Amino acid sequence: MAQVTSTRPTRSGVTAARVCTIVGFVFAALAIVFFPPVFGLVAVILGVVAGSLGDRPLGWYAAAAGVAGAVLGMVLSALLLNAV
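In this report, the structure presented in the accompanying data block is examined. (Residues numbered from 1 in each chain as written. Predicted model: local features only at pLDDT ≥ 70, side-chain atom pairs only at ≥ 80, totals over all residues. Heavy atoms only, no water.)

### What to know about the side chain of Thr 21
Position of Thr 21 relative to the elements: it lies in helix 1 (residues 16-33). Overall, the relative accessible area of 1% leaves Thr 21 in the buried class. Leaving out residues up to four positions away in the same chain, Thr 21 has contacts with Ala 50, Asp 55, Leu 58, Gly 59 and Ala 62. (Helix = DSSP H or I, 4+ residues; strand = E, 2+ residues; numbered from the N terminus. Buried < 20%, exposed > 50% of the residue type's maximum accessible area, 1.4 Å probe, protein only. Contact = heavy atoms within 4.5 Å.)

Shown next as structure tokens:
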């Protein structure tokens, strides 16, 4: 007997994994400007969740963007605080 698997799209055809990916990218962008460790960590978590739910390439990219956004935000914050 063959096993049939399918993803269950939510309303309007958007899966939960894709929503996690999009929100992860948004938090990665926010991490550059506001609270880099917090928003960066949330972006990494959402990216990993999206990657494990099936949005493989973009989910892992969102996790990497979260790390990059957190690091970039902390470097920019350090530069701004030391420039004064």
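### Digging into the packing of aromatic side chains
How two aromatic rings sit relative to each other is set out by the distance from centre to centre and by the angle between their planes. Tallied over the entire structure, the rule returns one aromatic pair. Judged by centre distance (5.5 Å) and plane angle (20°), the ring pair of Phe 27 and Phe 39 falls under stacked. In this pair, Phe 27 sits in helix 1 while Phe 39 sits in helix 2 (residues 36-53), placing the two residues twelve residues apart along the sequence. Its relative accessible area of 23% is what places Phe 27 among the partly exposed residues. (Phe/Tyr/Trp six-rings, centres within 6.5 Å; stacked < 30°, edge-to-face > 60°.)

### A look at the environment of Gly 51
Along the chain, Gly 51 falls in helix 2. Overall, Gly 51 belongs to the buried group, its relative accessible area being 0%. Separated by ten residues in sequence, Gly 51 and Tyr 61 have C-alpha atoms that sit 8.8 Å apart. Once residues lying within four places of it in the same chain are set aside, the contact partners of Gly 51 are Arg 56, Gly 59 and Trp 60.

Function cannot be inferred from these measures alone, as they are strictly geometric.
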